[in-house]
Amino acid sequence: MRTRSNNFMIDGQDSNNASIGGLVQEINNPDTVAEMRIVTNQFAAEYGRAAGSVVNIVTKSGTNELHGSAYWFYNGNKLNARSNLDKRTFPRAPWRVENQFAGTLGGPIIKDRTFFFGSILRWTDRRFASGTSIGAAPTAEGQAILRNAAGARPQVKAMLDNVPPAQSPTGRTAPFTLGGQTFNVPLGVLSGAAANVGDVWQWMGRVDHKLNDKHTLLGRYMFDDRVSIGGQAVPPGLLSNSPARRQAVAAGANSTFTPQIYNELRLSFQRLSSVTSAQDPKAESIPSIEIAELGMTGFNAAASRTAFGLALNLPQAQVLNNYQIADNFSILKGSHTIKMGFDFR
(Lines give C-alpha, C1' and ligand atoms only; values in the text may rest on other atoms or scores of the structure.)
Protein backbone atom coordinates (compact mmCIF):
# COMPACT_ATOMS: atom_id res chain seq x y z
CA MET A 1 0.00 0.00 0.00
CA ARG A 2 1.33 3.43 -0.92
CA THR A 3 1.90 5.99 1.81
CA ARG A 4 -0.53 8.37 0.12
CA SER A 5 -3.30 5.81 0.67
CA ASN A 6 -3.24 6.67 4.38
CA ASN A 7 -4.54 9.70 6.28
CA PHE A 8 -2.23 11.19 8.94
CA MET A 9 -3.54 13.47 11.70
CA ILE A 10 -2.09 15.13 14.82
CA ASP A 11 -4.62 16.16 17.47
CA GLY A 12 -7.26 15.93 14.76
CA GLN A 13 -5.25 18.25 12.49
CA ASP A 14 -4.57 17.18 8.91
CA SER A 15 -0.83 16.46 8.54
CA ASN A 16 -0.58 14.99 5.05
CA ASN A 17 1.93 15.95 2.38
CA ALA A 18 -0.25 17.03 -0.53
CA SER A 19 2.58 16.36 -2.99
CA ILE A 20 3.90 12.89 -2.21
CA GLY A 21 1.77 11.76 0.73
CA GLY A 22 2.98 10.77 4.18
CA LEU A 23 3.20 12.53 7.52
CA VAL A 24 4.46 16.12 7.28
CA GLN A 25 5.01 17.02 10.93
CA GLU A 26 7.36 14.34 12.23
CA ILE A 27 7.44 13.61 15.96
CA ASN A 28 10.80 12.06 16.86
CA ASN A 29 10.48 12.45 20.64
CA PRO A 30 8.19 9.60 21.78
CA ASP A 31 7.58 11.32 25.14
CA THR A 32 5.55 13.94 23.24
CA VAL A 33 2.86 11.39 22.33
CA ALA A 34 -0.01 10.57 24.67
CA GLU A 35 -1.89 8.27 22.32
CA MET A 36 -1.63 6.85 18.81
CA ARG A 37 -4.57 5.28 17.02
CA ILE A 38 -4.55 3.41 13.71
CA VAL A 39 -7.98 2.81 12.20
CA THR A 40 -8.12 0.43 9.24
CA ASN A 41 -11.84 -0.20 8.82
CA GLN A 42 -15.30 1.03 9.80
CA PHE A 43 -14.14 4.64 9.85
CA ALA A 44 -16.09 7.12 11.93
CA ALA A 45 -18.03 9.84 10.15
CA GLU A 46 -15.30 12.51 10.50
CA TYR A 47 -12.60 10.39 8.86
CA GLY A 48 -12.07 10.44 5.12
CA ARG A 49 -9.53 11.38 2.48
CA ALA A 50 -7.88 7.94 2.21
CA ALA A 51 -9.17 4.37 2.23
CA GLY A 52 -6.01 2.69 3.56
CA SER A 53 -5.94 3.75 7.20
CA VAL A 54 -6.31 6.71 9.51
CA VAL A 55 -3.32 7.39 11.79
CA ASN A 56 -4.19 9.87 14.55
CA ILE A 57 -1.51 11.03 17.01
CA VAL A 58 -2.59 12.80 20.20
CA THR A 59 0.01 14.94 21.97
CA LYS A 60 0.35 15.13 25.75
CA SER A 61 -1.10 17.91 27.88
CA GLY A 62 -0.10 19.23 31.28
CA THR A 63 -1.67 18.28 34.62
CA ASN A 64 -1.92 19.74 38.12
CA GLU A 65 1.49 18.27 38.95
CA LEU A 66 4.82 19.23 37.43
CA HIS A 67 6.25 16.33 35.43
CA GLY A 68 9.08 16.00 32.97
CA SER A 69 11.34 13.55 31.21
CA ALA A 70 14.75 13.53 29.55
CA TYR A 71 16.77 11.01 27.58
CA TRP A 72 19.94 10.63 25.55
CA PHE A 73 20.25 8.15 22.69
CA TYR A 74 23.66 7.30 21.22
CA ASN A 75 24.59 5.18 18.23
CA GLY A 76 28.13 4.69 16.92
CA ASN A 77 30.22 2.51 14.66
CA LYS A 78 31.48 0.44 17.61
CA LEU A 79 27.90 -0.67 18.20
CA ASN A 80 27.19 -1.58 14.57
CA ALA A 81 28.10 -4.32 12.12
CA ARG A 82 28.92 -3.94 8.46
CA SER A 83 26.23 -4.24 5.81
CA ASN A 84 26.90 -6.15 2.58
CA LEU A 85 27.68 -2.84 0.86
CA ASP A 86 30.05 -1.85 3.67
CA LYS A 87 32.03 -5.06 3.21
CA ARG A 88 33.13 -3.90 -0.25
CA THR A 89 34.63 -0.68 1.13
CA PHE A 90 35.41 -0.95 4.85
CA PRO A 91 37.37 -3.55 6.87
CA ARG A 92 35.08 -2.77 9.84
CA ALA A 93 31.85 -0.90 10.49
CA PRO A 94 32.12 2.62 8.95
CA TRP A 95 32.50 5.62 11.23
CA ARG A 96 29.30 6.95 12.74
CA VAL A 97 28.39 9.23 15.64
CA GLU A 98 24.68 9.74 16.29
CA ASN A 99 23.29 11.60 19.29
CA GLN A 100 19.72 12.40 20.21
CA PHE A 101 18.91 14.56 23.23
CA ALA A 102 15.28 15.18 24.19
CA GLY A 103 13.17 16.33 27.10
CA THR A 104 9.63 17.25 28.09
CA LEU A 105 8.05 19.34 30.84
CA GLY A 106 4.41 19.81 31.77
CA GLY A 107 2.44 21.21 34.64
CA PRO A 108 -0.11 23.79 35.83
CA ILE A 109 -0.24 27.49 35.02
CA ILE A 110 -3.43 27.96 37.04
CA LYS A 111 -4.34 24.97 39.15
CA ASP A 112 -7.38 23.04 37.91
CA ARG A 113 -7.82 25.47 34.98
CA THR A 114 -4.79 26.10 32.77
CA PHE A 115 -1.98 23.67 31.94
CA PHE A 116 1.13 23.67 29.76
CA PHE A 117 3.24 21.00 28.12
CA GLY A 118 6.43 21.37 26.09
CA SER A 119 9.02 19.15 24.45
CA ILE A 120 12.35 19.70 22.71
CA LEU A 121 14.67 17.47 20.71
CA ARG A 122 18.16 17.86 19.26
CA TRP A 123 19.32 15.12 16.89
CA THR A 124 22.65 14.93 15.06
CA ASP A 125 23.94 12.12 12.87
CA ARG A 126 27.39 12.04 11.26
CA ARG A 127 28.42 8.95 9.31
CA PHE A 128 30.06 7.42 6.28
CA ALA A 129 27.45 5.60 4.21
CA SER A 130 28.33 3.05 1.56
CA GLY A 131 26.90 3.60 -1.88
CA THR A 132 25.55 1.16 -4.45
CA SER A 133 28.50 -0.30 -6.37
CA ILE A 134 28.89 -0.04 -10.13
CA GLY A 135 29.59 -3.56 -11.34
CA ALA A 136 31.03 -2.76 -14.78
CA ALA A 137 32.93 0.52 -14.56
CA PRO A 138 36.09 0.95 -16.66
CA THR A 139 39.33 0.30 -14.81
CA ALA A 140 42.30 2.68 -14.99
CA GLU A 141 43.52 0.75 -18.03
CA GLY A 142 40.05 0.93 -19.56
CA GLN A 143 39.85 4.67 -19.01
CA ALA A 144 43.20 5.13 -20.69
CA ILE A 145 41.92 3.25 -23.75
CA LEU A 146 38.74 5.38 -23.85
CA ARG A 147 40.72 8.60 -23.40
CA ASN A 148 43.08 7.81 -26.28
CA ALA A 149 40.40 6.52 -28.64
CA ALA A 150 37.37 8.75 -27.95
CA GLY A 151 38.32 11.18 -25.20
CA ALA A 152 37.24 14.19 -27.25
CA ARG A 153 33.62 13.04 -27.45
CA PRO A 154 31.45 14.96 -24.95
CA GLN A 155 29.75 11.93 -23.36
CA VAL A 156 32.99 10.00 -23.03
CA LYS A 157 34.80 13.04 -21.63
CA ALA A 158 31.98 13.58 -19.12
CA MET A 159 32.30 9.99 -17.89
CA LEU A 160 36.07 10.16 -17.63
CA ASP A 161 35.85 13.44 -15.70
CA ASN A 162 33.15 12.28 -13.27
CA VAL A 163 33.57 8.53 -12.81
CA PRO A 164 36.81 7.35 -11.17
CA PRO A 165 38.43 4.08 -12.26
CA ALA A 166 37.06 0.81 -10.88
CA GLN A 167 39.13 -0.47 -7.95
CA SER A 168 38.50 -4.23 -8.42
CA PRO A 169 39.00 -5.65 -11.94
CA THR A 170 36.61 -8.48 -12.82
CA GLY A 171 38.32 -9.75 -15.96
CA ARG A 172 35.38 -8.65 -18.12
CA THR A 173 35.73 -6.29 -21.08
CA ALA A 174 33.37 -4.08 -23.06
CA PRO A 175 34.16 -3.92 -26.81
CA PHE A 176 33.47 -0.91 -29.04
CA THR A 177 34.38 -0.07 -32.62
CA LEU A 178 35.49 3.37 -33.74
CA GLY A 179 37.02 4.35 -37.07
CA GLY A 180 37.09 0.74 -38.22
CA GLN A 181 39.13 -0.34 -35.17
CA THR A 182 37.80 -2.48 -32.30
CA PHE A 183 38.82 -1.77 -28.71
CA ASN A 184 38.26 -3.82 -25.55
CA VAL A 185 37.79 -1.83 -22.36
CA PRO A 186 38.67 -3.71 -19.13
CA LEU A 187 35.93 -3.44 -16.48
CA GLY A 188 35.73 -3.78 -12.73
CA VAL A 189 33.71 -2.93 -9.63
CA LEU A 190 33.61 0.67 -8.44
CA SER A 191 32.66 1.03 -4.77
CA GLY A 192 32.62 4.00 -2.46
CA ALA A 193 31.15 5.83 0.48
CA ALA A 194 30.26 9.39 1.33
CA ALA A 195 29.88 11.49 4.44
CA ASN A 196 26.21 11.83 5.39
CA VAL A 197 24.92 14.53 7.74
CA GLY A 198 21.66 14.87 9.62
CA ASP A 199 20.78 17.88 11.83
CA VAL A 200 17.39 18.26 13.52
CA TRP A 201 15.93 20.80 15.94
CA GLN A 202 12.38 20.00 16.99
CA TRP A 203 10.11 21.40 19.69
CA MET A 204 6.47 21.69 20.66
CA GLY A 205 4.41 23.83 23.05
CA ARG A 206 0.82 23.19 24.12
CA VAL A 207 -1.60 25.00 26.45
CA ASP A 208 -4.96 23.66 27.67
CA HIS A 209 -7.51 25.85 29.45
CA LYS A 210 -10.70 24.81 31.20
CA LEU A 211 -13.30 27.56 30.94
CA ASN A 212 -15.81 25.63 33.05
CA ASP A 213 -17.15 22.12 33.39
CA LYS A 214 -18.62 22.27 29.88
CA HIS A 215 -16.02 24.05 27.76
CA THR A 216 -12.27 23.54 27.27
CA LEU A 217 -9.79 25.20 24.93
CA LEU A 218 -6.44 24.07 23.55
CA GLY A 219 -3.62 25.65 21.58
CA ARG A 220 -0.54 23.92 20.19
CA TYR A 221 2.50 24.89 18.12
CA MET A 222 5.02 22.48 16.57
CA PHE A 223 8.34 23.38 14.93
CA ASP A 224 10.81 21.21 13.05
CA ASP A 225 14.00 22.47 11.35
CA ARG A 226 16.31 19.92 9.72
CA VAL A 227 19.12 19.60 7.21
CA SER A 228 19.95 16.31 5.53
CA ILE A 229 22.97 15.62 3.33
CA GLY A 230 23.01 12.18 1.77
CA GLY A 231 21.90 10.05 -1.15
CA GLN A 232 24.08 8.85 -4.00
CA ALA A 233 27.66 7.99 -3.03
CA VAL A 234 28.90 6.27 -6.23
CA PRO A 235 30.16 7.96 -8.37
CA PRO A 236 31.33 10.60 -5.89
CA GLY A 237 30.20 14.22 -5.82
CA LEU A 238 26.47 13.55 -6.26
CA LEU A 239 25.13 13.92 -2.72
CA SER A 240 21.91 15.88 -2.20
CA ASN A 241 21.53 18.76 0.25
CA SER A 242 17.99 18.99 1.68
CA PRO A 243 17.11 21.71 4.22
CA ALA A 244 13.47 21.66 5.37
CA ARG A 245 11.32 23.53 7.87
CA ARG A 246 7.93 22.40 9.17
CA GLN A 247 5.55 24.39 11.33
CA ALA A 248 2.06 23.58 12.59
CA VAL A 249 -0.30 25.55 14.79
CA ALA A 250 -3.65 24.28 16.03
CA ALA A 251 -6.44 25.60 18.22
CA GLY A 252 -9.55 23.84 19.38
CA ALA A 253 -12.62 24.02 21.58
CA ASN A 254 -14.48 21.09 23.10
CA SER A 255 -17.99 21.74 24.38
CA THR A 256 -20.39 19.48 26.27
CA PHE A 257 -23.71 21.33 26.03
CA THR A 258 -25.67 18.53 27.67
CA PRO A 259 -24.78 14.95 28.57
CA GLN A 260 -26.20 14.01 25.15
CA ILE A 261 -24.85 16.86 22.96
CA TYR A 262 -21.13 17.36 22.28
CA ASN A 263 -19.17 19.55 19.85
CA GLU A 264 -15.51 19.63 18.72
CA LEU A 265 -14.12 22.61 16.80
CA ARG A 266 -10.62 22.61 15.26
CA LEU A 267 -8.71 25.41 13.53
CA SER A 268 -5.23 24.74 12.17
CA PHE A 269 -2.46 25.85 9.85
CA GLN A 270 0.54 23.85 8.66
CA ARG A 271 3.50 24.90 6.52
CA LEU A 272 6.24 22.84 4.88
CA SER A 273 9.14 24.52 3.11
CA SER A 274 11.95 22.43 1.62
CA VAL A 275 14.65 22.56 -1.05
CA THR A 276 16.70 19.70 -2.48
CA SER A 277 19.75 20.43 -4.59
CA ALA A 278 23.19 19.04 -5.40
CA GLN A 279 25.71 19.52 -2.61
CA ASP A 280 28.55 19.89 -5.12
CA PRO A 281 27.91 22.63 -7.75
CA LYS A 282 30.06 20.66 -10.18
CA ALA A 283 27.29 18.07 -10.41
CA GLU A 284 25.07 20.68 -12.05
CA SER A 285 27.46 21.15 -14.98
CA ILE A 286 26.22 18.10 -16.90
CA PRO A 287 22.79 16.43 -17.24
CA SER A 288 21.99 12.94 -16.04
CA ILE A 289 23.76 10.34 -18.18
CA GLU A 290 22.98 6.62 -17.97
CA ILE A 291 25.07 3.83 -19.49
CA ALA A 292 23.18 0.64 -18.75
CA GLU A 293 25.87 -1.61 -20.27
CA LEU A 294 28.33 -0.35 -17.65
CA GLY A 295 25.88 -0.54 -14.73
CA MET A 296 25.33 3.23 -14.53
CA THR A 297 21.57 3.60 -14.17
CA GLY A 298 18.93 5.71 -12.45
CA PHE A 299 17.64 9.13 -13.45
CA ASN A 300 16.15 10.36 -10.12
CA ALA A 301 18.23 11.22 -7.06
CA ALA A 302 18.45 8.18 -4.75
CA ALA A 303 21.02 6.23 -2.76
CA SER A 304 20.64 3.39 -5.27
CA ARG A 305 21.37 5.57 -8.31
CA THR A 306 24.66 4.86 -10.12
CA ALA A 307 24.39 7.14 -13.16
CA PHE A 308 26.42 10.35 -13.23
CA GLY A 309 25.49 13.98 -13.79
CA LEU A 310 22.67 15.93 -12.17
CA ALA A 311 19.62 13.78 -11.42
CA LEU A 312 16.54 14.70 -13.45
CA ASN A 313 14.47 15.60 -10.37
CA LEU A 314 17.04 18.11 -9.05
CA PRO A 315 16.95 20.85 -8.06
CA GLN A 316 13.48 20.81 -6.54
CA ALA A 317 11.61 22.90 -3.97
CA GLN A 318 8.20 22.95 -2.39
CA VAL A 319 6.19 25.24 -0.15
CA LEU A 320 2.97 23.66 1.11
CA ASN A 321 0.46 25.66 3.16
CA ASN A 322 -2.47 23.77 4.64
CA TYR A 323 -5.37 25.66 6.23
CA GLN A 324 -8.08 23.66 7.95
CA ILE A 325 -11.28 24.27 9.88
CA ALA A 326 -13.29 21.27 11.07
CA ASP A 327 -16.27 20.78 13.33
CA ASN A 328 -17.88 17.59 14.66
CA PHE A 329 -21.30 17.77 16.30
CA SER A 330 -22.57 14.65 18.12
CA ILE A 331 -25.95 13.77 19.58
CA LEU A 332 -26.62 10.72 21.72
CA LYS A 333 -30.22 9.54 21.51
CA GLY A 334 -30.93 6.35 23.41
CA SER A 335 -28.94 3.57 21.78
CA HIS A 336 -28.18 5.72 18.71
CA THR A 337 -25.42 8.23 17.94
CA ILE A 338 -25.88 10.96 15.36
CA LYS A 339 -22.76 12.76 14.17
CA MET A 340 -22.54 15.60 11.67
CA GLY A 341 -20.09 18.33 10.78
CA PHE A 342 -17.74 19.70 8.13
CA ASP A 343 -14.04 19.68 7.24
CA PHE A 344 -12.72 22.49 5.06
CA ARG A 345 -9.07 22.46 3.90
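Analysis parameters
Residues numbered from 1 in each chain as written. Predicted model: local features only at pLDDT ≥ 70, side-chain atom pairs only at ≥ 80, totals over all residues. Heavy atoms only, no water. pLDDT = per-residue confidence, 0-100. Helix = DSSP H or I, 4+ residues; strand = E, 2+ residues; numbered from the N terminus. Core = buried A, V, L, I, M, F, W, Y, C linked by side-chain atoms within 4.5 Å. Buried < 20%, exposed > 50% of the residue type's maximum accessible area, 1.4 Å probe, protein only. Contact = heavy atoms within 4.5 Å. Salt bridge = Lys/Arg side-chain N within 4 Å of Asp/Glu carboxyl O.

1. A closer look at the confidence of the model for the protein chain
Step number 1: Per-residue confidence for the protein chain averages 94 on the pLDDT scale, and 100% of its residues sit at or above 70.
Step number 2: Across the protein chain, the secondary-structure element scoring lowest on mean pLDDT is helix α1 (residues 86-89), at 84, and the one scoring highest is strand β6 (residues 96-110), at 98.

2. Quick word on the nonpolar core
Step number 1: Among the nonpolar cores identified, the biggest contains 24 residues, and Met159, Leu190, Met296 and Phe308 are the most heavily contacted of them.
Step number 2: Elements represented by at least two residues in this core include exactly β8 (134-138), α2 (140-150), α3 (154-162) and β10 (181-190).
Step number 3: Looking at this core element by element, the count peaks at four residues for α3.
Step number 4: Apart from residues lying up to four places away in sequence, Met159 is in contact with Pro138, Leu146, Ile291, Leu294, Met296 and Phe308.
Step number 5: Listed in part, the seven residues of the second largest apolar core include Ile57, Phe117, Met204 and Met222.

3. A look at the pattern of salt bridges
Step number 1: Under the criterion given, the structure shown has 19 salt bridges.
Step number 2: The salt bridge involving Arg206 is made with Asp11; its shortest N-O contact spans 3.6 Å. With Arg206 in strand β11 (residues 193-210) and Asp11 in the loop between β1 (6-10) and β2 (13-14), this residue pair connects regions lying 195 residues apart in the sequence.
Step number 3: Classification of Arg206 as buried rests on a relative accessible area of 10%.
Step number 4: Classification of Asp11 as buried rests on a relative accessible area of 11%.
Step number 5: Between Glu98 and Arg96 there is a salt bridge whose closest N-O contact spans 3.2 Å. As far as burial versus exposure is concerned, Glu98 and Arg96 are alike and both buried.
Step number 6: What you see here is one network of salt bridges that share partners, running through Asp11, Arg206, Asp208 and Arg220.

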